[in-house]
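An overview of the molecular structure
As a plain string of letters, each chain reads:
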Amino acid sequence: MMIKKSSILFAAALTAFVFMSSCEDGKKKEEQMRIETERVEMEAAENAKIELEAEKAKEAKIKEEARANSVAGQAMTNENLTTLAGALQAADLSTMLSEPGEYTVFAPSNQAFEKLSQKKRDELMLPENKEMLSEVLTYHVVPGVINSEKLAAAIKGANGSYTFKTVTGEELTASMSGDQFVIKDGSGKKAQVILGNVPASNGIIYIIDTVLMVKK
């Protein structure tokens, strides 16, 4: 009987030991699983952060390239448009012509500005005349993208003289002289396009040889 009782006690003890060992193993496995889950979650979060930063960097690069290729950006890098670039900055219009949009810009060359009297140029660049300068420059900006094919078709469709509005609401008139575009302002002064159809990230540029002025 003693042997049988001892056997029962041993069996019970063994069962308890196995049970406790199993519980301990279960706890270890749960802890390992928790640690592994946290590791995977941390890696996923880190990868998501890296991907987000990469996406932001990509977007920033695209925006920077767009600004560099914008109307204002090209004016700043074109040696024939340095006066215009300075005027845009003085009139606080660089941002407008750097941002996304659709513009057709008749950009006066350096020589175009030199046709103005020194007195007029000095007057336009005075800080107190910033609004006047802005009006002059925006008179050269047309909403929408009008490439040379569209402009030629519009002139032909309007019997040789196509009138359109600038962002100021004032009008310009386009015509042809041979195979060259001619732009007439409100005062009747004409500017010839010396380089056209220059693509920009936010529109298209025509370089002209005369500064256009609104009729007063």
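Above this text you will find the structure in question.
Turning next to the pattern of salt bridges. Inspection of the entire model under this criterion finds 3 salt bridges. A salt bridge links D209 to K115; the nearest nitrogen and oxygen atoms lie 3.9 Å apart. You can see D209 sitting in the segment after β7 (203-208) and its partner K115 sitting in the loop between α4 (110-114) and α5 (118-124), a full 94 residues away along the chain. Judged by its relative accessible area of 52%, K115 is exposed.

This brings us to the nonpolar core. Residues L84, L88, L97, V105, L137, I205 and V211 are the most contacted members of the largest nonpolar core, which totals 28 residues. Of all the secondary-structure elements, those providing two or more residues to this core are α2 (71-77), α3 (82-90), β1 (103-108), α4, α6 (130-138), β6 (190-200) and β7. Of all the elements, α3 adds the most residues to this core, at 4 residues. Beyond its immediate chain neighbours, meaning those up to four positions away, L88 contacts A72, A75, L93, S94, L97 and L137. Ranked by size, the runner-up nonpolar core spans 17 residues in total, among them F106, A174, I204 and I208.

Below, the discussion takes up empty space enclosed by the protein. The final tally for this structure, using the stated rule, is 1 cavity of 30 Å³ or more. By volume, the largest cavity is sized at about 70 Å³. The wall of the largest cavity is formed by 13 residues, among which L88, L97, V105, L137 and V141 lie closest to the centre. Where the lining of the largest cavity is concerned, the elements lending two or more residues are α3, β1 and α6. If one sorts the elements of the lining of the largest cavity by residue count, β1 sits on top with 4 residues. Class assignment of the residues belonging to the lining of the largest cavity gives a composition of 11 nonpolar, 2 polar and no charged.

Further remarks concern α6. Residues spaced three or four apart along an α-helix face the same direction, because each turn holds 3.6 residues. When we look at burial in α6, the residues that qualify are L133, S134, V136, L137 and T138. Residues of α6 that are buried make contact with α3, α4, α5 and β2 (141-143).

This part is about the side chain of H140. The topology assignment puts H140 in the loop between α6 and β2. Assessed through its relative accessible area of 2%, H140 is described here as buried. Side-chain polar atoms of H140 contact the backbone nitrogen of L212, separated by 2.9 Å. Beyond its immediate chain neighbours, meaning those up to four positions away, H140 contacts T104, V105, F106, P108, I208, V211 and L212.

Let's shift gears to the side chain of N129. Relative to the assigned elements, N129 resides in the loop between α5 and α6. Assessed through its relative accessible area of 15%, N129 is described here as buried. Among all residues touching N129, those that are not within four sequence positions of it are E123 and L124.

Conventions we followed
- Residues numbered from 1 in each chain as written.
- Predicted model: local features only at pLDDT ≥ 70, side-chain atom pairs only at ≥ 80, totals over all residues.
- Heavy atoms only, no water.
- Salt bridge = Lys/Arg side-chain N within 4 Å of Asp/Glu carboxyl O.
- Helix = DSSP H or I, 4+ residues; strand = E, 2+ residues; numbered from the N terminus.
- Buried < 20%, exposed > 50% of the residue type's maximum accessible area, 1.4 Å probe, protein only.
- Core = buried A, V, L, I, M, F, W, Y, C linked by side-chain atoms within 4.5 Å.
- Contact = heavy atoms within 4.5 Å.
- 1 Å grid on protein atoms, 1.4 Å probe; cavity = no way out; pocket = protein on both sides within 12 Å on 5 of 7 lines; lining within 4 Å.
- Points joined across faces, edges and corners; volume = space filled by probe spheres on them.
- Nonpolar A, V, L, I, M, F, W, Y, C, P; charged D, E, K, R; others polar.
- Polar contact = N/O pair within 3.5 Å; in protein donor to acceptor, adjacent residues only side chain to side chain.

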